[in-house]
Amino acid sequence: MQETTISILGAGAWGASLANLAIANGNRVRVWSRRGSETLSAVLQGADIVLSAISMKGVREVASQIQSLTPSPETIFVTATKGLEPETIYTPSQIWQSCFPHHPVVVLSGPNLSKEIDQSLPAATVVASRVATAAATVQLAFSSSRFRVYTNPDPVGVELGGTLKNVIAIASGVCDGLHLGTNAKAALVTRGLTEMVRIGNCWGAKTETFYGLSGLGDLLATCNSPLSRNYQVGYQLAGGETLAQILAKLPGTAEGVNTCQVLVQLARQQNIVIPITEQVYRLLQGEVTPQQALDELMLRDIKPEYN
Ligand SMILES: NC(=O)C1=CN([C@@H]2O[C@H](COP(=O)(O)OP(=O)(O)OC[C@H]3O[C@@H](n4cnc5c(N)ncnc54)[C@H](OP(=O)(O)O)[C@@H]3O)[C@@H](O)[C@H]2O)C=CC1
Ligand SMILES: O=C(CO)COP(=O)(O)O
C-alpha cells in the first residue's frame, strides 16, 4: 500500500479512532492536539493529508491558524466534523474551503460510532469531494478489511447527512427514554429523514445523498445506539434531567445541541417546515416537556405524506 503522510487535528474520540485506522494501514501519522507538546507547524510538516476531527466550536480558529502557516498547495484537507457554524451557517467543509480556496477539501462522514471502530468492528464510510482524485487518495489511505470507504461527488450532502441526523438522534433518545415503541421510532426516523432532505436541499445537496451511508446510514446508527452522545442527551432529557446536568457529565461532544439552534434560525428565516427539529429545540430550551413535544408532533394538522 502507498505510504501517505497524514496529520490529524484533534485528539478526541474520533481523531484518535481515525489515527489508529490510518496507522494500521501503514501511513505516517501525526496527531495534533491543543493540549499536546508539538506545535501545529511541526505536525503539519510534509503532510499529504490534513484531517480535522475537531469539534465544531474549534474549526474556524484552527483553520485560521493553519492559513498563516501556508501549507503546500498539494495538501488535501479532510473534515470529519459534524456541525454548523452559528454565525455564518457554514458547514465545516465550507469553512475549510473558504480558508483554502485552492486546496482540495474532502468530507469524511458515515455511520461511524468511534467506540465500535476502536473495537475493530467492521464499518463503512464516505469520502466526498468535488476533486475526485483527492477523494480517491483519502479512500486509499483509510480503506481496509474493517473500514470500507466509498467515494461520493456531493461533499455538502455527505456532510449534512452526518450533521442533521444528530438532531434526530436527540429526538430518538427521547423516544426510547419515553418507551414509545418501535412504531413510533420508525415514524420519527422516517419523518426525520424527510426534514434532513428538506434542509439539505437549501444548501444544494442532492436528495439521493441522504438515502446513502452518510444520511440514512448514519441516521440509523445514531438513532439506535446508546453509544451516540446525541442519543444519550435525548434519553436523559426524557428521564427528567436538565440539559445543563446532562452536558456536565457527557463524555465528549453532542453537536446536535448547537446544530438544532442553527437549523431553527435558518428554518424561521427561510420558511422551511421542520417540526421535529422545532420540538427538539423547544425541549432543549426548556420550553416544553418531552411529553408535550410528542403531543405537539402527533396533533399537527393532518396532511398528505408528500408535499
Ligand atoms: N465520536 C464519534 O463517534 C464521532 C464523532 N464525529 C464528529 O467528530 C467531531 C469530534 O468528535 P469527538 O472526537 O467525538 O469529540 P471530542 O469532544 O472527543 O473531541 C473534540 C476534539 O476537538 C478539539 N477542540 C475543540 N475545540 C478546539 C479548539 N478551539 N482548538 C483546538 N482543538 C479543539 C478537542 O480538543 P481538547 O481535547 O483540547 O478540548 C478535542 O480534541 C464532532 O464534530 C463529532 O460530531 C464524527 C463521527 C464519529
Ligand atoms: O456521528 C456519530 C456516529 O456516526 C457519532 O454520534 P454522536 O456524536 O452522537 O456520538
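To start, this report covers the structure provided alongside it. Owing to the predicted nature of the structure, the values given are computational and were not obtained by experimental measurement.

What counts as what
- Within each chain, residue numbers correspond to sequence positions counted from 1 in written order.
- Chain A is the first chain written and ligand 1 is the first ligand written, with later ones labelled in order.
- Per-residue local features of the predicted model are confined to residues with pLDDT of at least 70, and side-chain atom pairs are confined, for both listing and counting, to 80 or more; whole-chain, interface and lining totals are unaffected and use all residues.
- To obtain the side-chain values, all non-hydrogen atoms of the structure were included, while hydrogens and water were left out.
- We treat two strands as partners when DSSP finds at least two bridges between them.
- Where helices and strands are cited, they refer to DSSP runs of H or I of at least four residues and of E of at least two residues respectively, numbered from the N terminus.
- In this analysis an axis means a line fitted to C-alpha atoms, helices contributing only their contacting stretch, and an angle means the value between N-to-C directions, from 0 to 180 degrees.
- Definition of nearness: a residue and a molecule or strand are near each other if at least one heavy atom of the residue lies within 4 Å of the molecule or strand.
- The term polar contact refers here to a pair of N or O atoms within 3.5 Å; inside protein, the definition further demands a hydrogen-donor-capable atom paired with an acceptor-capable atom, and it admits residues adjacent in sequence only when both atoms are side-chain atoms.
- Each accessible area is a Shrake-Rupley result for a 1.4 Å probe, and residues are judged covered by the shown protein chains and nothing else.
- Polarity classes work like this: nonpolar for Ala, Val, Leu, Ile, Met, Phe, Trp, Tyr, Cys and Pro, charged for Asp, Glu, Lys and Arg, and polar for all others, with Gly in that last group.
- Put simply, the grid is 1 Å and covers the protein atoms alone, a cavity is a trapped set of points that fit a 1.4 Å probe, a pocket is an open set with protein on both sides within 12 Å along at least five of seven lines, and lining residues have an atom within 4 Å of a point.
- Grid points are joined across faces, edges and corners, and a volume is the space filled by probe spheres set on the points.
- Think of it in three bands: with a 1.4 Å probe and only protein chains considered, a residue is buried below 20% of the maximum accessible area for its type, exposed above 50%, and partly exposed in between.
- By convention, a crossover is right-handed whenever its connection, traced from the first strand over the helix to the second and viewed with the strands pointing away, goes clockwise.
- Salt bridges are identified by distance alone: a Lys or Arg side-chain nitrogen within 4 Å of an Asp or Glu carboxyl oxygen.

## Topic: the sheet that holds strand 6 (residues 123–128)
The strand order across the open sheet formed by seven strands is 2-1-3-4-5-6-7, and the pairing between neighbours is mixed. Two strands close off the open sheet at either side, each with one partner strand: strand 2 (28–32) and strand 7 (147–152). Taking the axes of each pair of neighbouring strands and ignoring which way they run, one obtains an average angle of 25° across the sheet. Both strand 3 (residues 49–52) and strand 4 (residues 76–79) contribute to a ladder of four bridges, which runs parallel. The residue of strand 4 that forms the bridge with Ile49 is Ile76.

## Some remarks on the site of ligand 2
Around ligand 2 sit Lys82, Gly110, Pro111, Asn112, Leu113, Lys165, Asp218, Thr222, Leu227, Ser228, Arg229 and Asn230, and that is every residue in its neighbourhood. Between ligand 2 and Lys82, the relevant distance is 2.9 Å, taken from an oxygen atom to a side-chain nitrogen or oxygen of the residue. Separating an oxygen atom of ligand 2 from a side-chain N or O atom of Asn230 is a distance of 2.7 Å. Compared with its free state, where it exposes 300 Å², ligand 2 has 92% of that area covered by protein. Among the secondary structure elements, those contributing two or more residues to the shell around ligand 2 are helix 9 (213–223) and helix 10 (229–238). Looking at side-chain class alone, the shell around ligand 2 contains three nonpolar, five polar and four charged residues.

## Things to note about the layout of surface pockets
Within this model, the largest pocket holds a volume of roughly 1,100 Å³. Lining the largest pocket are 40 residues, and of these Ala13, Ala53, Ser55, Arg229 and Thr253 lie nearest its centre. Broken down by element, the residue count for the lining of the largest pocket peaks at five residues, all from helix 3 (residues 56–67). Roughly 760 Å³ of volume is contained in the second largest pocket. In this structure, the second largest pocket is lined by 30 residues; those nearest its centre are Leu188, Arg191, Ile276, Leu297 and Met298. If you list the elements that add at least two residues to the lining of the second largest pocket, you get helix 7 (155–177), helix 8 (182–202), helix 13 (275–284) and helix 14 (290–298). No other element matches helix 8, which puts seven residues into the lining of the second largest pocket. Of the residues belonging to the lining of the second largest pocket, the class tally is 20 nonpolar, three polar and seven charged.

## Some remarks on unusual backbone geometry
The phi angle at Thr70 is positive, at roughly 35°, despite the residue not being glycine. Structurally, the position occupied by Thr70 is in the loop between helix 3 and strand 4. Phi is positive for Asn271, which is not a glycine, with a value near 55°. Secondary-structure assignment places Asn271 in the loop between helix 12 (256–270) and helix 13.

## Points about the pairing of strand 6
The side chains of a regular strand alternate between both faces of the sheet. With six of six residues buried, strand 6 lies mostly within the body of the structure. In the sheet, strand 5 (residues 105–109) pairs with strand 6 via three bridges, with the strands oriented antiparallel. Bridge pairing links Val107 to Ala128 in strand 6. Bridge count for strand 6 against strand 7 is six bridges, and the pairing is parallel. Opposite Ala124, over in strand 7, you have Arg148 as the bridge partner. Following the backbone out of strand 6, through helix 6 (residues 132–142) and into the adjacent parallel strand 7, one traces a crossover that is right-handed.

## Quick look at the pattern of salt bridges
Using the criterion set out here, one finds nine salt bridges in the structure. A salt bridge links Asp176 to Lys185; the shortest N-O distance between them is 3.1 Å. We classify Lys185 as buried; its relative accessible area is 10%. Of the charged contacts in the structure, one is a salt bridge between Glu278 and Arg268, with a shortest N-O distance of 3.0 Å. Of this pair, Glu278 sits in helix 13 while Arg268 sits in helix 12, placing them 10 residues apart in sequence. Within this structure, Lys82, Lys165 and Asp218 form a network of salt bridges that share partners.

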